[in-house]
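These are the residues of each chain, in order.
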Amino acid sequence: MIGVQCGGEGMEKRRGDKRKRSAAITLVLAGSLTGCGDPEAQRDVYTNLESCQKDWRDPKDCTRVADGQRSSSYFYGPRYFGSSYPSGRPRSSPNAIDAARAGRGGVTHMASGARASSGGSSSSSSVSRSGFGSSSHSMSSGG
Amino acid sequence: MRREASVPRADWQERCESAGFSYHSMDGVYWDETARYAFSAAEVDLLEAATEEVHQLCLSAVDVVVKEGRMAQFAIPEPFHAMVAQSWQRRDPSMLGRFDFSWDGEGDPKMLEYNADTPTSLLEASVVQWHWLEDVRPQADQFNSLHEKLIERWGALKGSDAPRPLWFASVKDNDEDFGNTEYLRDTAMQAGWDTRAVWVEDLGWDASRRCFVDLDDAPVERIFKLYPWEWMVREAFGPHLLPQTTHWVEPAWKMLLSNKALLAVLWELNYGHPNLLPAYFSPSHFAGEYVKKPLLSREGANVTLNRRLGVVREPGGYGAEGWVYQGYAPLPGYEVRSTHDAAAIPAKRYPVIGSWIVGDAAAGMGIREDDTPITRNTSRFVPHYFE
């Protein structure tokens, strides 16, 4: 898990059952947000080896998470340069659950090729898309 | 309830961004910690009770609308009436919603509207203002157990089954919607769901299997969408909703609550309720001031205040489906004096209280503030505390 963990246990003791605030907040998806500039590599995060290999084929490209940042049952794909959201947050493959920044320097193992499935390319002829979304015009759909 | 000046944290941008709140400065200023709102515990208790009370009134109203077949009043296209009714009869589970109240701490909070289908400002209400409280007033409390209640609610929806795929969809190229959706995905993951992300525009319809699919053509059986039902039913894939092969969060019956026609039905069923404002489908019931609202609109668009002092009108492209006329409950106006010119006429800030429901429980509050009496998409989010 990526930690944005703030202690709140003491608050629970202080206020007892009248507390109306969350005791603690942990986020697992909050990524680092970086500005523009040099391209930065990313690594996609997969819940299992099968999902990772679906994207990268070569099992050597998929490594079990061992950095303590996430569950050790997850897998990292190789470092590669992908696309990002307007905020700078990297976009992950549809097969991955998240994408992590992998730094601008010292990249030792970059992906040798493009992802095997990058969205849409595997669609069968019976699938149509873009049937939702036309009312938004890139504006917020919320209220 | 009072408004106080507050000194921004030196690292407030970094604190916001560490939570994925990258859009803190959209439209110039969005997250605004140069001020804060202070409440008493009794005021928060009252607001919490009002929120749960109005929530129950809303559920009762849905029941009446479905049983009496009144969906035409809500401008729901006829082919979808049965789908909405069945969704309610099955009690398809709801996740959350946000009531907007006009209130200054005196008397009863008055419900202005209910963002029941696609409420936003969730990440800032749940996480960002919680961080602010930890940093600025750690001894104080906050009406905000959103994070805990979201995880708990996702857990209740999941049950004891093995992790199942749950997709989360928002529109492309909108950081605010993405931030809200990713935060909800985060809480679902913490509740044990196997989550996937997909853009609304990338959802596919597989004609041979008659189901919605993701970009890998995997059937989408369960999905949270930050995309309004009223748009979905009118777009190209709308007819594909009718086979009901997908479980949607929020469910189709929320279409009745995110529609301003609800306001008139609520008043009809609960005439004189202290948390409701008079509301009708015609302005003829009002001799004095009232507010004209489109049945379907977002972020204050096309809202008109008919006041004795003059008319205030927000532009927009809504109103084709009809209108509702609601009694005017002015937002409190807090004077803000210029720090540069003590003789200048003070400006006013108008806060609206967004009170959250998760499942059936009141879960927290977020305050948005505007320079005008109409809350708009450019209104700022101001944190709060209580003691």
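Going along each chain's sequence as written, the residues are numbered from 1 onward. Here chains are named by letter from A upward and ligands by number from 1 upward, in the order in which they appear as written. At least 70 in pLDDT is required for a residue's local features to be given in this predicted model, at least 80 for side-chain atom pairs to be given and counted, and no such filter applies to totals for whole chains, interfaces and linings, which use all residues. Hydrogens and water are ignored here; the side-chain numbers use all heavy atoms of the structure.

Enquirer: What is the right way to look at the overall build of chain B in this model?
Expert: When helices and strands are counted, chain B shows eight helices and 20 strands. In terms of overall dimensions, chain B is globule-like: its C-alpha atoms have a radius of gyration of 21 Å, near the 21 Å expected for 387 residues. Principal-axis analysis of the C-alpha atoms places the extent of chain B at approximately 70 × 50 × 35 Å. Partly exposed residues are those whose accessible area sits between 20% and 50% of the maximum for their type, while under 20% is buried and over 50% is exposed, using a 1.4 Å probe and protein chains only. With 387 residues in all, chain B has 62% of them scored as buried. Whether two residues are in contact is decided by their heavy atoms: any pair within 4.5 Å suffices. For chain B, contacts bridging at least 24 residues in sequence account for 69% of all contacts bridging at least 6. For the area figures, the Shrake-Rupley method with a 1.4 Å probe applies, and any residue is considered shielded solely by the protein chains shown. If you sum the accessible surface of chain B, you get close to 14,000 Å²; carbon and sulfur atoms cover 50% of it. Working convention for charge: Lys and Arg count positive, Asp and Glu count negative, and His plus the chain ends are omitted. One atom stands in for each charge, and that atom is NZ of Lys, CZ of Arg, CG of Asp or CD of Glu. Of the charged side chains in chain B, 38 are positive and 58 negative, and the gap between their average positions amounts to 4 Å. Secondary structure elements follow DSSP: runs of H or I of four or more residues count as helices, runs of E of two or more count as strands, with numbering from the N terminus. To get the radius of gyration, use the C-alpha atoms; to get the globule rule, take the number of residues to the power 0.38 and multiply by 2.2 Å.

Enquirer: Just checking my understanding: could you explain the pattern of salt bridges for this structure?
Expert: A side chain of one charge can pair with a side chain of the opposite charge if their charged atoms are brought near each other. Residue and element names in this part refer to chain B. Salt bridge criterion: a side-chain nitrogen from Lys or Arg within 4 Å of a carboxyl oxygen from Asp or Glu. Under the defined criterion, the tally for this structure stands at 35 salt bridges over all chains. Asp63 is the salt-bridge partner of Arg91, the closest N and O atoms lying 3.9 Å from each other. Of this pair, Arg91 sits in the loop between helix H3 (81–89) and strand E3 (96–102) while Asp63 sits in helix H2 (residues 41–67), placing them 28 residues apart in sequence. Judged by relative accessible area, Arg91 falls into the partly exposed class, the value being 46%. One salt bridge connects Arg222 with Glu221, and the closest N-O pair in it is separated by 3.4 Å. For Glu221, a relative accessible area of 43% gives the class partly exposed.

Enquirer: Even after reading the chapter, I still don't get the side chain of B:Glu235, so can you show me in this structure?
Expert: Residues and elements named next belong to chain B. Positionally, Glu235 belongs in the loop between helix H7 (229–232) and strand E10 (247–249). Salt bridges are absent for the buried Glu235, whose nearest opposite-charge side chain, Arg234, sits at 9.7 Å. Here a polar contact means two N or O atoms within 3.5 Å. Within protein one must be a hydrogen donor candidate and the other an acceptor candidate, and residues neighboring in sequence count only if both atoms are side-chain atoms. In this structure the side chain of Glu235 is engaged in a polar contact, spanning 2.4 Å, whose partner is the side chain of Tyr227.

Enquirer: It is not clear to me how the interface of chain A and chain B should be interpreted in this structure. Could you clarify?
Expert: It is common to give the size of an interface as the accessible area lost on bringing the parts into contact. Contacts between chain A and chain B engage 54 residues on the former and 77 residues on the latter. The three residues of chain A that bury the most area against chain B are A:Lys20, A:Arg21 and A:Phe132, which together make up 17% of that side's buried surface. Across the contact surface, chain A and chain B share five salt bridges. Between A:Lys20 and B:Glu48 there is a salt bridge; the shortest N-O distance is 2.7 Å. For the side of chain A that touches chain B, the secondary-structure elements that each account for two or more residues are helix H1 (9–15) and strand E5 (127–129) of chain A. Lys, Arg, Asp and Glu make up the charged group, whereas Ala, Val, Leu, Ile, Met, Phe, Trp, Tyr, Cys and Pro make up the nonpolar group; the residues left over, Gly among them, are polar. Residue classes in the side of chain A that touches chain B are distributed as 19 nonpolar, 25 polar and ten charged. With three bridges joining them, E5(A) and strand E7 (residues 204–206) of chain B adopt antiparallel strand pairing. Residue pairing for E7(B): A:Val127 is matched across the bridge by B:Asp206. What gets called buried area is simply the loss in accessible area from a 1.4 Å probe that two parts show on being joined, summed for both. DSSP bridges decide pairing: two strands pair if at least two such bridges lie between them.

Enquirer: Is there a simple way to explain the pairing of strand E2 (residues 35–39) of chain B in this structure?
Expert: Residues and elements named next belong to chain B. Most of E2 is tucked away: five of the five residues are buried. Residues of E2 alternate between two faces, with Ala35, Tyr37 and Phe39 on one and Arg36 and Ala38 on the opposite face, all of them buried. Bridging between strand E1 (residues 2–5) and E2 involves four bridges; their strand directions are antiparallel. Bridging across to E2, Arg3 finds its partner in Tyr37. One ladder, built from three bridges, connects E2 with strand E20 (residues 384–386); its direction is parallel.

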